[in-house]
Amino acid sequence: MTDADLVQGGYQVPGPQTTNLADILERVLDKGIVIAGDIKIDLLDIELLTIRLRLFVASVDTAKKAGIDWWETDPALSSHAARNALQDENRELRERLEALESQMDELPAGQEAVARH
Amino acid sequence: MTESGADPSDGNAIYVFAVCGAPARVAVAGLPGVAADAAVRTLPFAELTAVVQTVRAADFADEAWQARLSDTRELERYARAHHHVVTAAAAACPTVPLPLATLYHDEERARLTLTGEAGRFRAALARVAEHSEWGVKVYAAERPAQDARRPAAEGSTTQRPPAVPADNRTRPAPGAGLAYLDRKRGMQARREQRQEEALRMAETVDAEFQKVAAAARRLRPHGPDPAGEHGVQVLNATYLVAERRSGELETLTRMLQATTGARIELSGPWVPYSFVGEV
């Protein structure tokens, strides 16, 4: 099912035109009639989570316009940030390896021979 | 997830979005829902109708949700998908939304639990019938127009104390400390005054909307905007309003904006998420 199917199906989704993510989260996460489910999902930290998210979801577009994107690099808020840290380390290690290899090439022939033995 | 005796072999679970009042077919079959493998469908129980979807249990286990909760894009995807199904169902019949992530091992388990809660669903449906939810956010003006009457303390600083001789530079001019304290006190007083005005304004707006509403709830105010464009949010409230009265809200918003000078954001109509739980 894609959005295209949905449009072709002619469904009219009612609701506010301004579907701000913060507005949706504070209803979908915090409200609704709570019924015990079979699968225990620990959303105990939801209070904390929404408070943290709210710092930026309320205005993510404005912040992006202003060039603020700290939530994308905060590991607590984004798993992308964790991946980035790994990529950074990888790049740094590759650079150091290249530097070492080029130093090896610059060694005089004799010393290189010694180094090889 | 086999502790309740469900058949673990198929690895599926039932995700419940909402419960509708009418036993009639709810047109939700074309919606994407929260999973790609199975269509959103209806599950009749106790003369009510649940809107459900079969999902892979592993994708909806606690660990999967913990990862999702720390990834804004993923969380947004699921929240919007859930909201989408709820609003589509509500367009077809009176609907009580469930929060994100209510899951059962299989259809039988879902039907059993939901049937046990039928009384609560009926009460909630009766409460919100022919009503919608409307959000109201009030932002204080960024910096209210500076008072024409400046505090006396600031005026006094214009009368400079006599110039201090060069060899005496470290000693403060007489009266400078007092003037500083007066200035500080003046700033503090103005800040408190602004806060009180903003809160009073929020109460005024809330009281006016309550006159039109059947019920009201306060939500947590949103944090400050990094770009500082919106001003400080002093009220984040939501109201249950009869459909026949919803036309009055736009006018009321405009009127209150004019009289208070605050920026007021009206959002709606929402499926009454905030008014289906027992409070």
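No experiment lies behind these values; they were computed from the predicted model shown. (Residues numbered from 1 in each chain as written. Chains lettered and ligands numbered in written order. Predicted model: local features only at pLDDT ≥ 70, side-chain atom pairs only at ≥ 80, totals over all residues.)

### A few points about the overall build of chain B
Right, so step 1: A tally of helices and strands in chain B yields seven helices and nine strands.
Right, so step 2: Counting every position in chain B, which comprises 279 residues, the buried fraction comes to 34%. (Helix = DSSP H or I, 4+ residues; strand = E, 2+ residues; numbered from the N terminus. Buried ≥ 20, exposed ≤ 12 C-beta atoms within 10 Å, placed from the backbone.)

### Notes on unusual backbone geometry
Residues and elements named next belong to chain B.
Right, so step 1: The omega torsion across Gly 268 and Pro 269 is 0°, close enough to zero to call that bond cis.
Right, so step 2: Notably, Ala 46 is not glycine yet its phi reads approximately 40°, a positive angle.
Right, so step 3: Among the structural elements, Ala 46 can be located in the loop between β2 (40-45) and β3 (48-56).
Right, so step 4: Backbone geometry at Glu 47 places phi at a positive 60°, although glycine is not the residue there.
Right, so step 5: Tracing the sequence through the fold places Glu 47 in the loop between β2 and β3.
Right, so step 6: Residue Glu 47 is classed as exposed on the basis of its 11 C-beta neighbours within 10 Å.

### A closer look at the confidence of the model for chain B
Residue and element names in this part refer to chain B.
Right, so step 1: Of all residues in chain B, 81% attain a pLDDT of 70 or more, and the chain-wide mean is 83.
Right, so step 2: Contacts for the low-pLDDT stretch residues 1-7, under 50 throughout, to residues beyond four places or in other chains number twelve contacts.
Right, so step 3: Considering only residues more than four positions removed or in separate chains, one finds that residues 144-158, a stretch of pLDDT under 50, has 13 contacts.
Right, so step 4: The ipTM value of the predicted complex is 0.76, and its pTM value is 0.68. (pLDDT = per-residue confidence, 0-100. Contact = placed C-beta atoms within 7 Å.)

### Looking at the nonpolar core
Right, so step 1: In this structure, Tyr 15, Phe 17, Val 51, Val 85 and Ala 89 of chain B are the most contacted members of the largest nonpolar core, which totals 75 residues.
Right, so step 2: With eight residues, the top contributor of residues to this core is strand β1 (residues 12-20) of chain B. (Core = buried A, V, L, I, M, F, W, Y, C linked by C-beta atoms within 7 Å.)

### As for the sheet that holds strand β8 (residues 233-242) of chain B
Residue and element names in this part refer to chain B.
Right, so step 1: Strand order in the open sheet formed by four strands is β7-β8-β6-β9, and the pairing between neighbours is antiparallel. Only two strands of the sheet have a single partner each, and these edge strands are β7 (215-218) and β9 (263-270). When strand polarity is set aside, the average angle formed by the axes of neighbouring strands in this sheet is 20°.
Right, so step 2: Bridging between β7 and β8 involves four bridges; their strand directions are antiparallel. Paired with Arg 217 across the bridge in β8 is Thr 238.
Right, so step 3: Docked against the sheet, helix α6 (residues 176-212) engages β6 (131-139), β7, β8 and β9, running at close to 5° with respect to β8. (Pairing = 2+ DSSP bridges. Axes fitted to C-alpha atoms, helices over the stretch in contact; angles between N-to-C directions.)

### Details of the environment of Phe 209 of chain B
All names here are of chain B.
Right, so step 1: The topology assignment puts Phe 209 in helix α6.
Right, so step 2: Note: C-alpha distance between Phe 209 and Thr 238 (29 residues apart in sequence) is 9.3 Å.
Right, so step 3: With near-sequence residues (within four places) excluded, Phe 209 lies in contact with Val 136, Ala 216, Ala 237, Tyr 239 and Leu 252.

### Notes on the pairing of β8 of chain B
All names here are of chain B.
Right, so step 1: When you tally the buried positions in β8, you get nine out of ten residues, the bulk of the element.
Right, so step 2: Inspection of the sheet shows β6 paired to β8 by nine bridges, in the antiparallel sense. Among the inter-strand pairings, Val 136 is bridged to a residue of β8, identified as Ala 237.

### A look at the packing of helix α2 (residues 21-28) of chain A against helix α2 (residues 72-92) of chain B
Right, so step 1: Close contact between α2 of chain A and α2 of chain B brings their axes to 10 Å; oriented N to C, the two are set at 70°. Between α2 of chain A and α2 of chain B, the angle falls in the class roughly perpendicular. Along its contact with α2 of chain A, which presents Leu 21, Ile 24, Leu 25 and Val 28 of chain A, the element α2 of chain B presents Glu 76, Ala 79, Arg 80, His 82 and His 83 of chain B.
Right, so step 2: Within the contact of α2 of chain A with α2 of chain B, the residues separate by chemical class into five nonpolar, two polar and two charged. (Parallel < 35°, antiparallel > 145°, perpendicular 65-115°, else oblique. Nonpolar A, V, L, I, M, F, W, Y, C, P; charged D, E, K, R; others polar.)

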